[in-house]
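# Survey of secondary and tertiary structure
In case you want the letters, here they are:
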Amino acid sequence: MAAALWSFVAPHGVLELPAIFIAGGAGLEIARGMLFPGILPRREALARAGGRASRLLLGSIPLLLIAGSIEGFFSPTAAPAGLKFSLAILLAGALLTWLFGAGRTADVSS
């Protein structure tokens, strides 16, 4: 039973769970701006924290859309478990590449 459960959860879970954690981090960022404004006025600290949190949430939306599509159309199919786990590994690699490579520019010094 465990293999069937994990083959259902793995393909969409590798994207869905990080998206949920990122959204939780966005909420914590707003709370940090509200509770610990530092030297800024609370309104300014909250506005800055809200800007950072909104960027986190906007980044998690594509993850949730892709995960939802996989959960609805691929996870419940009778595809072999190996294919489902392979897709999970591929998506995890793509997610890590996106998270750690986004916004980086190549050093083009000659």
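Quick notes on the rules
- Along each chain, the written sequence defines residue order, and numbers are assigned to residues from 1.
- This being a predicted model, a pLDDT of at least 70 is required before a residue's local features are given, and a value of 80 or more before pairs of side-chain atoms are given or counted; all residues contribute to the totals for chains, interfaces and linings.
- Hydrogen atoms and water are omitted, and side-chain values are computed over all heavy atoms in the structure.
- Within this scheme, the nonpolar core is defined by two criteria: the residues are buried Ala, Val, Leu, Ile, Met, Phe, Trp, Tyr or Cys, and they are joined through side-chain atoms within 4.5 Å.
- Burial classes follow relative accessibility: with a 1.4 Å probe on protein chains only, a residue under 20% of its type's maximum area counts as buried, one over 50% as exposed, and anything between as partly exposed.
- Under the DSSP-based scheme used, a helix requires at least four consecutive residues in state H or I and a strand at least two consecutive residues in state E, with every element numbered from the N terminus.
- Expected helix span is computed as 1.5 Å times (number of residues minus one).
- What the arc covers is the set of directions going from the helix axis to the C-beta atoms.
- By the criterion applied in these results, polar contacts are pairs of N or O atoms within 3.5 Å in which, for protein atoms, one can donate a hydrogen and the other can accept it, and in which residues neighboring in sequence qualify only through two side-chain atoms.
- Working rule for contacts: check all heavy atoms of both residues, and any pair within 4.5 Å makes them a contact.
- What pLDDT conveys is the predictor's confidence in a given residue, as a value from 0 to 100.

Here we take up the nonpolar core. In this structure, Leu15, Ala19, Leu63, Ala67, Ile70, Leu91 and Leu95 together form the largest nonpolar core, which totals seven residues. Ranked by the residues each element gives to this core, the list is headed by helix α2 (residues 42–73), at three residues.

Attention now goes to helix α3 (residues 81–101). Between its first and last C-alpha, α3 extends 30 Å over 21 residues, near the 30 Å set by a 1.5 Å rise per residue. Lys84, Ala88, Leu91 and Leu95 are the residues of α3 that are buried. Down the axis of α3, the buried side of the element spans an arc of 70°, and every buried residue falls inside it. Residues of α3 that are exposed and angled more than 90 degrees away from the buried face: Ile89, Leu90, Thr97 and Phe100.

This part is about the side chain of Glu29. Mapping Glu29 onto the fold places it in helix α1 (residues 2–35). Only 2.6 Å separates the side chain of Glu29 from the side chain of Arg52, close enough to count as a polar contact. Residues contacting Glu29, with those up to four places away along its chain left out, are Ala49, Arg52 and Ala53.

In this model, the protein chain carries a mean pLDDT of 90, and residues with pLDDT of at least 70 account for 93%. By mean pLDDT, α3 is the weakest element of the protein chain at 92, and α2 is the strongest at 94.

Mapped onto the elements of the fold, Leu65 is located in helix α2. As a C-alpha pair, Leu65 and Leu15 span 50 residues in sequence and 9.5 Å in three-dimensional space.

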